[in-house]
Amino acid sequence: MNTWFKKSFVLSAGLALILSGCGVQSDHTATKPSQTEPGTEQSGKKLNVVTTFYPMYEFTRQVAGEHANVTALIPAGAEPHDWEPSAKDMAQIKDADVFVYNGIVEGWAEQALSSAANDKRFVVEASKGLNLMEGTAEEEEAHGEEGHDHGHVLDPHVWLDPVLAQKEVEAIEAGLVNADPANKADYEKNADAYIAKLKDLDTAFKTGLKDVKRKDFITQHAAFSYLAKQYGLTQVPIAGLSPEQEPTPDKLADIIKFSKANNVKTIFFETLVDPKVAQTVATEIGAKTDVLNPLEGLTDEDKQNNLDYLGVMKNNLEALKKALNE
């Protein structure tokens, strides 16, 4: 992220003041959490676990139970793709017993972990080892070098696939066990209980989407590729992997043409991002709009309605069933 590198000197200076006397050391677990040495007993002390954005917070909270204080760096209502840590956030990263992030979304994470080094900290990159999907050529051009793997933009939105979400929960479980082996049995029990709920969610998606009339759906940004692949659907995104990416006039024209040719009656927009592009397409083709939530953060309304990851995903399923049966 370009603005990150522009700020790096300032952040380093801030860290020098905040962390003076603490000693900054390299973090050997930052990129290979599965290869870290087992942690020591916490003697009843709760782990200090810092996560990045909402799905990582929720998955970690479910696994940690009573054995950790879990916080999220990125506040509710903030869009995580372009968020960057402040000096205060860097201090939290420095002091964490465990740091949990998804990967790719947090383009700042590896440099932050290096700058706020702590050789006793355990790091979990929850999407590490998963078979990540590539973006399009348009997305690569829009992203520059960020998020690339061998010259390709990778899609980070694995948490929206209930099957891959289970893998992320397993990765978080392993990280907590490494950091606090004394409570291994509880972490495993909590993870198993939450994974059972994710399996039920997967079954609901399979059943609910099996016999829908159509298989394609139009979204404001390309967040639902993993979910679409898992359940035999086709996502047609207006914009790319980042919600801030604006479609070209040609891309917009293609979406409108596709929508008219296929009698699309619903254009999905999302929370946390201005829905004007989705509304423009909907107005042009005489369709309505509806929410398909990429779960990059809970809104105030979500919290007022006591919604969590499972609740939002169930709402997404109902929205898809409705649109795909029109």
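Here, every reference points to the structure presented above.
The structure contained in this document is the topic of the report that follows. Every value quoted in this text rests on a predicted model; they were computed, and no experiment measured them.

Overview of the overall build of the protein
Helices and strands together make up the secondary structure of the protein, namely 12 helices and 10 strands. Across the 326 residues of the protein, 52% fall into the buried class. Counting contacts in the protein only where the partners sit at least 6 residues apart, residues at least 24 apart contribute 67% of the total.

Here's the deal with unusual backbone geometry
At isoleucine 104, a residue that is not glycine, the phi angle is positive and equals roughly 75°. Mapping isoleucine 104 onto the fold places it in the loop between β3 (98–101) and α4 (109–115).

Overview of the sheet that holds strand β10 (residues 288–291)
Taken in spatial order, the four strands of this open sheet run β8-β7-β9-β10, and their pairing is parallel. Of all the strands in the sheet, just β8 (234–237) and β10 have a single pairing partner and so form its edges. Strand after strand, the sheet turns through a mean of 40° between neighbouring axes, direction not considered. Two strands pair when backbone bridges link them, and strand β7 (residues 216–219) and β8 are joined in this way by four bridges, in the parallel orientation. Note on β8: the bridge partner recorded for aspartate 216 is threonine 234. Each of β7, β9 (266–269) and β10 touches helix α12 (residues 309–324); the most contacted strand, β9, lies at about 160° to it.

A short note on empty space enclosed by the protein
For the structure shown, the criterion picks out one cavity of 30 Å³ or more. The computed volume of the largest cavity comes to approximately 90 Å³. Looking at the lining of the largest cavity, the element that brings in the most residues is β7, giving three residues. For the lining of the largest cavity, a count of residues per class yields six nonpolar, two polar and four charged.

Comments concerning the side chain of histidine 67
Secondary-structure assignment places histidine 67 in the loop between α2 (54–64) and β2 (68–72). Polar contacts involving the side chain of histidine 67 include one to the side chain of aspartate 186, which spans 2.6 Å. Residue contacts for histidine 67: discarding those within four places in its chain leaves Lys46, Leu47, Asp180, Asn183, Asp186 and Tyr187.

Details of the pairing of β7
Neither face of β7 is open: one carries Asp216 and Ile218, the other Phe217 and Thr219, and all of them are buried. Of the crossover connections in this fold, the one passing from β7 over helix α8 (residues 225–230) to the parallel β8 is right-handed. Pairing geometry for β7 and β9, over two bridges, is parallel. Note on β9: the bridge partner recorded for isoleucine 218 is isoleucine 267.

Describing the pattern of salt bridges
Tallied over the full model, the rule gives eight salt bridges. As a salt-bridge pair, lysine 303 and aspartate 300 come within 3.8 Å of each other at their nearest N and O atoms. Of this pair, lysine 303 and aspartate 300 are both found in helix α11 (residues 300–304), three residues apart, which corresponds to roughly one turn of the helix. Given a relative accessible area of 41%, lysine 303 falls into the partly exposed group. Under the relative-accessibility criterion, aspartate 300 is labelled exposed at 53%. One salt bridge in this structure joins glutamate 318 and lysine 321, with 3.3 Å as the shortest N-O distance. Of this pair, glutamate 318 and lysine 321 both sit in helix α12, three residues apart, which is roughly one turn of the helix. Residue classification places glutamate 318 among the partly exposed residues on the basis of a relative accessible area of 45%.

Definitions and limits used
Residues numbered from 1 in each chain as written. Predicted model: local features only at pLDDT ≥ 70, side-chain atom pairs only at ≥ 80, totals over all residues. Heavy atoms only, no water. Helix = DSSP H or I, 4+ residues; strand = E, 2+ residues; numbered from the N terminus. Buried < 20%, exposed > 50% of the residue type's maximum accessible area, 1.4 Å probe, protein only. Contact = heavy atoms within 4.5 Å. Pairing = 2+ DSSP bridges. Axes fitted to C-alpha atoms, helices over the stretch in contact; angles between N-to-C directions. 1 Å grid on protein atoms, 1.4 Å probe; cavity = no way out; pocket = protein on both sides within 12 Å on 5 of 7 lines; lining within 4 Å. Points joined across faces, edges and corners; volume = space filled by probe spheres on them. Nonpolar A, V, L, I, M, F, W, Y, C, P; charged D, E, K, R; others polar. Polar contact = N/O pair within 3.5 Å; in protein donor to acceptor, adjacent residues only side chain to side chain. Right-handed = clockwise from strand over helix to strand, strands pointing away. Salt bridge = Lys/Arg side-chain N within 4 Å of Asp/Glu carboxyl O.

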